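Survey of secondary and tertiary structure
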Amino acid sequence: MASTERASMPTIPQRIASAFAVLCGQYGDVTEMAKDRERSRQSLYREAQQVAEAVDGAVARAQVEELQRQLAERQAEVKALETRLRHAVEITPDKQHEFATVAQAEGVSLSVARRLLRVMTGPRRSRGVATLGRATLEAGTHAGPLLEVLDEAARLKVKQGTADEIFSGANPS
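Residues numbered from 1 in each chain as written. Predicted model: local features only at pLDDT ≥ 70, side-chain atom pairs only at ≥ 80, totals over all residues. Heavy atoms only, no water.

So, on to the confidence of the model for the protein chain. Any region with low pLDDT has predicted coordinates that should not be read closely. Averaged over all residues, the pLDDT of the protein chain equals 83, while 88% of them reach at least 70. The lowest-confidence element of the protein chain is helix H1 (residues 2–8), averaging 49 in pLDDT; the highest-confidence one is helix H5 (residues 58–86), averaging 94. Segment residues 1–6: pLDDT under 50, and zero contacts once partners within four positions in sequence are set aside and those in other chains are kept. (pLDDT = per-residue confidence, 0-100. Helix = DSSP H or I, 4+ residues; strand = E, 2+ residues; numbered from the N terminus. Contact = heavy atoms within 4.5 Å.)

Structure (structure tokens):
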């Protein structure tokens, strides 16, 4: 079987010899070479064609040009993705907690904050209302002592103040 494989797979010198016989030989050279190698004349013509293409380089140039085109496309894609990445914000659990804390500070309920987060993260990655609540409670606990100090310092400078919202349990009628 090994001898059959070798016979069917011509060496480079054999291919060059086939090309010479096809392109430069005299009448009958191809037939004689095919008989000597126990192969068809058509296989020698194919080898000659392959050698001519390899020497010409047109196929190789076309492949190089196609690879260069593909490379340029990939480089453009990478550049576009890098541009998008510079503007991206990774919505990590910590970033979700920060979002919920700011939402609470602005008067947005945790359930609304969670629905807004789901728009950005999708349903599988968003945190639950209870988790967001614990995060905002923790943030409030950390901010409480600082706010006391700031309130004390700011109270002396306030000339007139009004509450943003006033809630009363009494009926005004």
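It is worth spelling out the side chain of Arg37 at this point. Here Arg37 is to be found in helix H3 (residues 29–37). Engagement of the side chain of Arg37 in a polar contact is seen with the side chain of Glu47, the distance being 3.4 Å. (Polar contact = N/O pair within 3.5 Å; in protein donor to acceptor, adjacent residues only side chain to side chain.)

Quick look at the packing of H3 against helix H4 (residues 41–56) now. Across the interface, H3 lies against H4 with an axial gap of 8 Å and an inter-helix angle of 105°. Our classification of the angle between H3 and H4 gives roughly perpendicular. Facing H3, whose interface residues are Val30, Thr31, Met33, Ala34 and Arg37, H4 presents Arg41, Leu44, Tyr45 and Glu47. Here the contact of H3 with H4 is composed, by residue class, of five nonpolar, one polar and three charged. (Axes fitted to C-alpha atoms, helices over the stretch in contact; angles between N-to-C directions. Parallel < 35°, antiparallel > 145°, perpendicular 65-115°, else oblique. Nonpolar A, V, L, I, M, F, W, Y, C, P; charged D, E, K, R; others polar.)

On to unusual backbone geometry, then. One can expect most non-glycine residues to show negative phi and most peptide bonds to be in trans. Its identity as a non-glycine residue notwithstanding, Glu38 has a phi of 55°, on the positive side. Tracing the sequence through the fold places Glu38 in the loop between H3 and H4. Its relative accessible area of 74% is what places Glu38 among the exposed residues. (Buried < 20%, exposed > 50% of the residue type's maximum accessible area, 1.4 Å probe, protein only.)

Between two packed helices, the angle of one axis relative to the other and the distance separating the axes together describe the packing. Put simply, helix H6 (residues 93–105) and helix H8 (residues 129–155) touch, their axes get as near as 9 Å, and they point 70° apart. The orientation of H6 relative to H8 falls into the category roughly perpendicular. Between H6 and H8, the contacting residues are Gln96, His97, Ala100, Thr101 and Gln104 on the first element and Thr131, Leu132, Ala135, Thr136 and Ala139 on the second. Partitioned by chemical class, the residues of the contact of H6 with H8 number four nonpolar, six polar and no charged.

On to the environment of Leu137, then. Structurally, Leu137 can be placed in helix H8. Residue Leu137 is classed as exposed on the basis of its relative accessible area of 60%. Through-space distance from the C-alpha of Leu137 to that of Gln104 is 9.9 Å; in sequence the pair is 33 residues apart.

The subject of this paragraph is the pattern of salt bridges. Throughout the structure, instances matching the rule amount to eight salt bridges. A salt bridge links Arg37 to Glu47, with the shortest nitrogen-to-oxygen separation between them at 3.4 Å. On the criterion of sequence distance, the pair formed by Arg37 in helix H3 and Glu47 in helix H4 is long-range, its members being ten residues apart. Residues Arg37 and Glu47 agree in their burial class; the two are buried. Glu73 is the partner of Arg74 in a salt bridge, and the nearest nitrogen-oxygen pair spans 3.4 Å. (Salt bridge = Lys/Arg side-chain N within 4 Å of Asp/Glu carboxyl O.)

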